Amino acid sequence: MEIVEHELNHPWEGVLAAPADGSDVGVLVLAGSSGRIERERARILAQQGIAALSIRWFGGPGQSPGICEIPLETFTGAVDFLTTTGARRIGILGVSKGAEAALLTAVHDPRVGVVIALSPTSRVWCNVGPGLDGEQRPFRSSWTWQGRPLPFVPMDDSWTPVNHSGGPVAIRGWYELSERSFAHLLPRAEIAVDKARADLLLVAGGDDAMWPSLRFAEQLAERRRSAGTTVHLIARHEPGPCLPRCPTWPTSLACRWTGSSPSTTRPTGSSAGLR
């Protein structure tokens, strides 16, 4: 399929990859704490007939240098942009902190019809990096909505990293300690996915070293099931690669959302997802 790419510089840096003939299906693609523009994922989706928009949502001109009090209007604005391209059905694909943003956007914007959350969290966490003021402490919410910070769970600074391999430091234990230390804050920080109109596809692995994404995904799934709303969970409990660049959608979800037939629904990428 022939695709075209458009570079964007305002109101955020990004790229729109879309079929040359256009599409009435649009997906917003959000990286995690890397802050990258997800060009590869956008291209893969465009090859499937989807208009895919990936934006730099922090660290760019005029933006917070870290994930600190990021307005969710950043993402609803991206949904606005996709609708101007002709998209009538909107989805968001996010990984890690990008999945946190995707889920929260779906809670606040009923135009989002599906969320694909890779290595998600079930609750709002504090900032990762500095805010517009250049400060990292005291901890603040990662997100705001209509100018107000969302309730969040801070990190317990008493945690000490352990790194015997010489590679990247695994911080899963920091999140688990913080959950115990601030247990009284957890209920208000939960992401209310039971109130989202969107269908949810959650992808997580049990050996995630960054945070306990499988447990978080199971909590999200239970929240959805308790409300009688749609959820699909792709989980890998044993060690090994779990995250796809773009997951294979359950056929029923893909056909209902994209309007395709079962015979044309196919995987949208290979393994080895990145944050």
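Residues numbered from 1 in each chain as written. Predicted model: local features only at pLDDT ≥ 70, side-chain atom pairs only at ≥ 80, totals over all residues. Heavy atoms only, no water.

(A) Quick look at the packing of aromatic side chains. Inspection of every chain in the model, using the stated rule, returns 10 aromatic pairs. Between tryptophan 125 and phenylalanine 216, the aromatic rings sit 6.4 Å apart at their centres with planes inclined by 50°, giving tilted as the arrangement. Residue tryptophan 125 is located in the loop between β7 (112-118) and β8 (143-145), and its partner phenylalanine 216 is located in helix α6 (residues 213-226); the two are separated by 91 residues in the primary sequence. Across the pair, exposure class does not vary: tryptophan 125 and phenylalanine 216 are buried alike. Ring geometry for tryptophan 211 against phenylalanine 216: centres 5.9 Å apart, planes inclined by 80°, an arrangement best described as edge-to-face. The class of tryptophan 211 is buried, set by a relative accessible area of 2%. Aromatic rings pair up to connect Trp57, Phe58, Phe75 and Trp143 into one cluster. (Phe/Tyr/Trp six-rings, centres within 6.5 Å; stacked < 30°, edge-to-face > 60°. Helix = DSSP H or I, 4+ residues; strand = E, 2+ residues; numbered from the N terminus. Buried < 20%, exposed > 50% of the residue type's maximum accessible area, 1.4 Å probe, protein only.)

(B) Highlighting the nonpolar core. One finds Leu28, Leu53, Trp57, Phe75, Val115 and Trp143 to be the most contacted residues of the largest nonpolar core, which totals 46 residues. If we ignore the near neighbours within four places in the chain, the residues touching leucine 28 are Leu53, Ile55, Phe75, Ala78, Leu82, Gly91, Ile92 and Leu93. Residues Leu45, Val95, Leu118 and Leu201 belong to the second largest nonpolar core, which totals 15 residues. (Core = buried A, V, L, I, M, F, W, Y, C linked by side-chain atoms within 4.5 Å. Contact = heavy atoms within 4.5 Å.)

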